[in-house]
Amino acid sequence: MKLKITLILSFLLVFGLVAKAQEKVLEPLKVSQIQGINVFGKPVDNQTRCVHWHSDLDIIAIKFKCCDKYYPCFSCHEEEADHEHKVWTKKEFDQKAILCGVCGNELTIQGYMDSNNTCPHCQSAFNPGCSKHYHLYFEIDSK
């Protein structure tokens, strides 16, 4: 009887650990680094993915004009920074403000917008859906 209970408890313990290991848990890091550049907010890996955006293509961080710090996304900045965000003006599109999370290459804003959603340095694909959020980071023409 004792052996049966021990086996059942062992099975439950192992099964519980296996089930737990199969869950994909996204926990934010304090700060991640890519080629020595800090990425703040809530990154979950060292390719700039965060708790908000973490597909295979979510591999850029944006340097925020207001604080000169890289964050994976607007939501990370809003949740972590103690100030309002500012958008980059068109006159500043020559500033390096986009970080490729795969190779650490910094792109100018214009270079990023012209990149066809691909890092010009390592050829990694960027999420084309990010263009829907340009207005949160960059001055854009009204439609």
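Residues numbered from 1 in each chain as written. Predicted model: local features only at pLDDT ≥ 70, side-chain atom pairs only at ≥ 80, totals over all residues. Heavy atoms only, no water.

**Concerning the environment of His-52**
Put simply, the rule is: Strands are runs of DSSP state E lasting at least two residues, helices are runs of H or I lasting at least four, and both sets are numbered from the N terminus onward. Contact between two residues is taken to exist if any of their heavy atoms lie within 4.5 Å; hydrogens are not considered. For the purposes of these results, a polar contact is taken to be a pair of N or O atoms within 3.5 Å, where, inside protein, one atom must be able to donate a hydrogen and its partner to accept one; residues adjacent in sequence count only when each atom of the pair is a side-chain atom.
Along the polypeptide, His-52 turns up in the loop between β2 (37-39) and β3 (60-64). As a C-alpha pair, His-52 and Ser-75 span 23 residues in sequence and 7.3 Å in three-dimensional space. When sequence neighbours within four positions are dropped, the list of residues in contact with His-52 reads Lys-42, Cys-73, Ser-75, Cys-76 and Glu-79. A polar side-chain atom of His-52 sits 3.0 Å from a polar atom in the side chain of Glu-79.

**Let's talk about the confidence of the model for the protein**
Formally: The predictor attaches a confidence to each residue, called pLDDT, with possible values from 0 through 100.
Model confidence for the protein is summarised by a mean pLDDT of 85, while 78% of its residues fall at 70 or above. Counting contacts from residues 17-23, a segment whose pLDDT is below 50, to residues more than four positions away or on other chains yields zero contacts.

**Focus: the pairing of strand β5 (residues 96-100)**
The condition that has to hold: When a residue's accessible area, from a 1.4 Å probe over protein chains only, is under 20% of the maximum for its type it is buried; when over 50% it is exposed; and in between it is partly exposed. At least two bridges found by DSSP between two strands are what make those strands a pair.
The buried fraction of β5 amounts to four of the five residues, a majority that puts the element mostly inside the structure. The turn joining β5 and strand β6 (residues 106-108), which pair antiparallel and follow one another in sequence, is formed by five residues; a positive phi near 85 degrees is taken by Gly-104.

**Things to note about the pattern of salt bridges**
To be explicit about the condition: Note on definitions: salt bridges are taken to be side-chain nitrogens of Lys or Arg within 4 Å of carboxyl oxygens of Asp or Glu.
All told, the structure shown has five salt bridges when counted by the stated rule. Its salt-bridge partner being Arg-49, residue Asp-45 comes within 2.7 Å of it at the nearest N-O pair. A salt bridge links Glu-92 to Lys-65; the nearest nitrogen and oxygen atoms lie 2.9 Å apart. In this pair, Glu-92 sits in the loop between α2 (74-80) and β5 while Lys-65 sits in the loop between β3 and β4 (69-71), placing the two residues 27 residues apart along the sequence.

**Here we look at the packing of aromatic side chains**
Heads up, the condition is: Each Phe, Tyr or Trp ring, with Trp reduced to its six-membered ring, pairs with another whose centre is within 6.5 Å; inter-plane angles below 30 degrees give stacked pairs, above 60 give edge-to-face pairs, and intermediate values give tilted ones. Only lysine NZ and arginine CZ atoms are considered, and such an atom sits over a ring when it is within 6 Å of the ring centre and within 35 degrees of the ring normal.
One pass over the structure, following the stated rule, counts nine aromatic pairs. Arranged with centres 6.0 Å apart and planes meeting at 75 degrees, the rings of Phe-93 and Phe-138 form a pair that is edge-to-face. With a gap of 45 residues between them, Phe-93 in the loop between α2 and β5 and Phe-138 in the segment after α4 (134-137) connect regions that are remote in the sequence. In this structure Phe-93 comes out as buried when scored by relative accessible area, which is 9%. Here the aromatic residues Phe-40, Phe-64, Tyr-71, Phe-74, Phe-93, Tyr-112, Phe-126, Tyr-134, Tyr-137 and Phe-138 are joined through ring pairs into a cluster of three or more. The residue whose ring lies beneath Lys-69 is Phe-40, and the NZ or CZ to ring-centre distance is 4.7 Å.

**Some details on the side chain of Asn-127**
Here Asn-127 is to be found in the loop between α3 (109-113) and α4. The buried category is assigned to Asn-127, whose relative accessible area is 17%. There is a polar contact of 2.8 Å between the side chain of Asn-127 and the side chain of Asp-58. Setting aside residues up to four positions removed in sequence, Asn-127 forms contacts with Ser-55, Leu-57, Asp-58 and Asn-117.

**Re the nonpolar core**
Condition: Nonpolar cores were defined as sets of buried Ala, Val, Leu, Ile, Met, Phe, Trp, Tyr and Cys residues, with membership established by side-chain atoms within 4.5 Å.
Ranked by internal contacts, the top residues of the largest apolar core, which has 25 residues, are Ile-98, Tyr-112, Phe-126, Tyr-137 and Phe-138. Residues in contact with Ile-98, not counting those within four places in the same chain, are Ile-60, Ala-61, Ile-62, Tyr-70, Asn-105, Glu-106, Leu-107, Thr-108, Ile-109, Tyr-112 and Phe-138. In terms of nonpolar packing, the next biggest core, distinct from the first, is built from six residues, Ile-34, Ile-37, Ala-61 and Leu-99 among them.

**Examining the state of the cysteines**
Cysteine pairs can be covalently joined through their sulfur atoms, and such a bond is termed a disulfide. As a reminder of what qualifies: We call a pair of cysteine sulfur atoms a disulfide when they lie within 2.5 Å.
In the structure shown here, the tally under the stated rule is zero disulfides. The thiol sulfur of Cys-103 is not disulfide-bonded, and the nearest other cysteine sulfur, from Cys-119, lies at 3.7 Å. We classify Cys-103 as buried; its relative accessible area is 16%. Cys-130 carries a free sulfur, and the closest cysteine sulfur to it, the one in Cys-73, is 9.4 Å from it.

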